[in-house]
Amino acid sequence: MEKIRFQSPDGTEEEFFIEEQTMIGGVSYLLVSDSSEEEASAYIMKDVSPEDSPEACYEMVEDEDELQAVYKVFEQMLEDVNLEM
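Residues numbered from 1 in each chain as written. Predicted model: local features only at pLDDT ≥ 70, side-chain atom pairs only at ≥ 80, totals over all residues. Heavy atoms only, no water.

Quick word on the pairing of strand β2 (residues 13–24)
Remark: a regular strand shows side chains that alternate across the two faces of the sheet.
Consideration 1: Bridging between strand β1 (residues 3–7) and β2 involves five bridges; their strand directions are antiparallel. Across the sheet, the residue bridging to Phe6 is Glu14, located in β2.
Consideration 2: Note that β2 and strand β3 (residues 27–33) share seven bridges and pair antiparallel. Residue pairing across strands places Phe17 opposite Ser33, the latter belonging to β3. (Pairing = 2+ DSSP bridges. Helix = DSSP H or I, 4+ residues; strand = E, 2+ residues; numbered from the N terminus.)

The structure is reproduced here in structure tokens:
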């Protein structure tokens, strides 16, 4: 499983495991977890970087409607995994 390192606005770094990736409406979304164990917390992040940027900039999805919509897509993609909101 691929790991990715994120830097928060306050400068701290966190590592997440990439569980799945999808593109919806031209926006890239990642489903990441904080552990490779079965009881991990999962987060949905979206790429908010400008199109011409050489690096991706991901932020946690906070809008409830967007979160529900993307959650449903990941739930269908990972039908063998028990996702809970």
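Topic: the sheet that holds β2
For sheets, the rule is that strands pair by backbone hydrogen bonds, running either parallel or antiparallel.
Consideration 1: Strand order in this open sheet of five strands is β1-β2-β3-β4-β5, and the pairing throughout is antiparallel. Strand pairing shows two members of the sheet lacking a second neighbour, β1 and β5 (58–60), which therefore form its edges. The average undirected angle you get between the axes of adjacent strands in this sheet is 45 degrees.
Consideration 2: As judged from the three bridges shared by strand β4 (residues 42–47) and β5, these two strands associate in the antiparallel manner. From the neighbouring strand, Asp47 faces β5, where its bridge partner is Tyr58.
Consideration 3: On top of the sheet, helix α1 (residues 64–77) reaches β2, β3 and β4; it is set at about 80 degrees to β2, its chief contact. (Axes fitted to C-alpha atoms, helices over the stretch in contact; angles between N-to-C directions. Contact = heavy atoms within 4.5 Å.)

Observations concerning the nonpolar core
Consideration 1: Core analysis: the largest hydrophobic core is formed by nine residues, namely Tyr29, Leu31, Ile44, Val61, Leu67, Val70, Tyr71, Phe74 and Leu78.
Consideration 2: At the level of elements, β3 and α1 are the ones that each hand at least two residues to this core.
Consideration 3: Of all the elements, α1 adds the most residues to this core, at four residues.
Consideration 4: Setting aside chain neighbours within four positions, we find Tyr29 in contact with Glu20, Gln21, Thr22, Ile24, Ile44, Met45, Lys46, Val61, Glu66, Val70 and Phe74.
Consideration 5: If you look at the next biggest cluster of nonpolar residues, it comprises seven residues, including Phe6, Phe16, Leu30 and Tyr58. (Core = buried A, V, L, I, M, F, W, Y, C linked by side-chain atoms within 4.5 Å. Buried < 20%, exposed > 50% of the residue type's maximum accessible area, 1.4 Å probe, protein only.)

A short note on the side chain of Ser33
Consideration 1: Mapped onto the elements, Ser33 comes out in strand β3.
Consideration 2: A residue is classified by how much of its surface remains accessible, and Ser33, at 4% relative accessible area, is buried.
Consideration 3: Of note is the side chain of Ser33, whose polar atom sits 2.5 Å from the side chain of Glu19. (Polar contact = N/O pair within 3.5 Å; in protein donor to acceptor, adjacent residues only side chain to side chain.)

As for the packing of aromatic side chains
Consideration 1: Summed over all chains, the structure comprises three aromatic pairs.
Consideration 2: Ring geometry for Phe16 versus Tyr43: centroids 5.6 Å apart, planes at 70 degrees, classification edge-to-face. Of this pair, Phe16 sits in strand β2 while Tyr43 sits in strand β4, placing them 27 residues apart in sequence.
Consideration 3: Judged by its relative accessible area of 4%, Phe16 falls in the buried class.
Consideration 4: Taken together, the ring pairs connect Phe6, Phe16, Tyr43 and Tyr58 into an aromatic cluster. (Phe/Tyr/Trp six-rings, centres within 6.5 Å; stacked < 30°, edge-to-face > 60°.)

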